[in-house]
Amino acid sequence: MSAPRLAPGTRRDLGWPAWAFTRLAALRTGTGPPALFTVLGRHRGLFRRWLWFAAGLMPGGRLPRRDTELVILRVAAVRGSEYELRHHTSLARSAGLTGAEIDRVRDLAPASSWPRRDAVLLDAADALVRDRDLDDARWRALRAELSDVECLELCLLVTHYDMLATVITTLRIPPDEPRRC
């Protein structure tokens, strides 16, 4: 990866609330202030609005957290987003995914090799990233597992993390390094 295209924002760039938020996020992630937040935070108004939207998907969505993290990791793996893979690995463990399951997601294990619900979610994520659509058979499989609202949320979740992977890649945002004790 080449050098980052935008520097992380300073306290002056971010404003006091966003700057404080990035420091609190660092405590949760065990890293320095998340680079994604310190870069996006340079656009103060958009950053605040994005945080509200993103929080509505994760952690505030209707899908079970395990499902959410499974899907986020899959999108990150398909897109090759090391930033999101690293960031969401610990969140996935906290949500109940095992180390072996996380490895399988990262290795792009075929959706068909997973239990039914997981397979349906992973297959939908793969198709949405690859094709930007779900064919009728995939939609029926998804509807057999999820409510209307959960289907809507899944579509937004996948495409949101696909968008983030694009932004992270384009801006060359490096993965956050673990904080040294």
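Please refer to the structure placed before this passage.
Residues numbered from 1 in each chain as written. Predicted model: local features only at pLDDT ≥ 70, side-chain atom pairs only at ≥ 80, totals over all residues. Heavy atoms only, no water.

A. Up close: the packing of aromatic side chains. One pass over the structure, following the stated rule, counts six aromatic pairs. Three or more aromatic residues joined by ring pairs form one cluster here, namely F21, F37, F47 and W50. (Phe/Tyr/Trp six-rings, centres within 6.5 Å; stacked < 30°, edge-to-face > 60°.)

B. Summary view of the pattern of salt bridges. Tallied over the full model, the rule gives 16 salt bridges. Between E82 and R106 there is a salt bridge, with its nearest N and O atoms 3.3 Å apart. With a gap of 24 residues between them, E82 in helix α6 (residues 82-94) and R106 in helix α7 (residues 99-106) connect regions that are remote in the sequence. On the basis of relative accessibility, which here comes to 31%, the residue E82 falls in the partly exposed class. Put simply, R138 and D135 hold a salt bridge, and the shortest N to O gap is 3.0 Å. Several salt bridges converge on common partners, so that one network encompasses D67, R116, R117 and E145. (Salt bridge = Lys/Arg side-chain N within 4 Å of Asp/Glu carboxyl O. Helix = DSSP H or I, 4+ residues; strand = E, 2+ residues; numbered from the N terminus. Buried < 20%, exposed > 50% of the residue type's maximum accessible area, 1.4 Å probe, protein only.)

C. Examining the nonpolar core more closely. Judged by nonpolar contacts, the single largest core of 38 residues is most densely connected at L36, W50, V71, L142, L154, V158 and I173. Broken down by secondary-structure element, the contributors of at least two residues to this core are α2 (16-29), α3 (35-40), α4 (44-57), α5 (65-79), α6, α8 (116-131) and α10 (148-171). (Core = buried A, V, L, I, M, F, W, Y, C linked by side-chain atoms within 4.5 Å.)

D. Up close: unusual backbone geometry. Going from M58 to P59, the amide bond is cis rather than trans, its omega being 15°. Considering the arrangement of structural elements, one finds P59 in the loop between α4 and α5. Positioned with a positive phi, R132 is a non-glycine residue whose angle comes to about 60°. Among the structural elements, R132 can be located in the loop between α8 and α9 (136-145).

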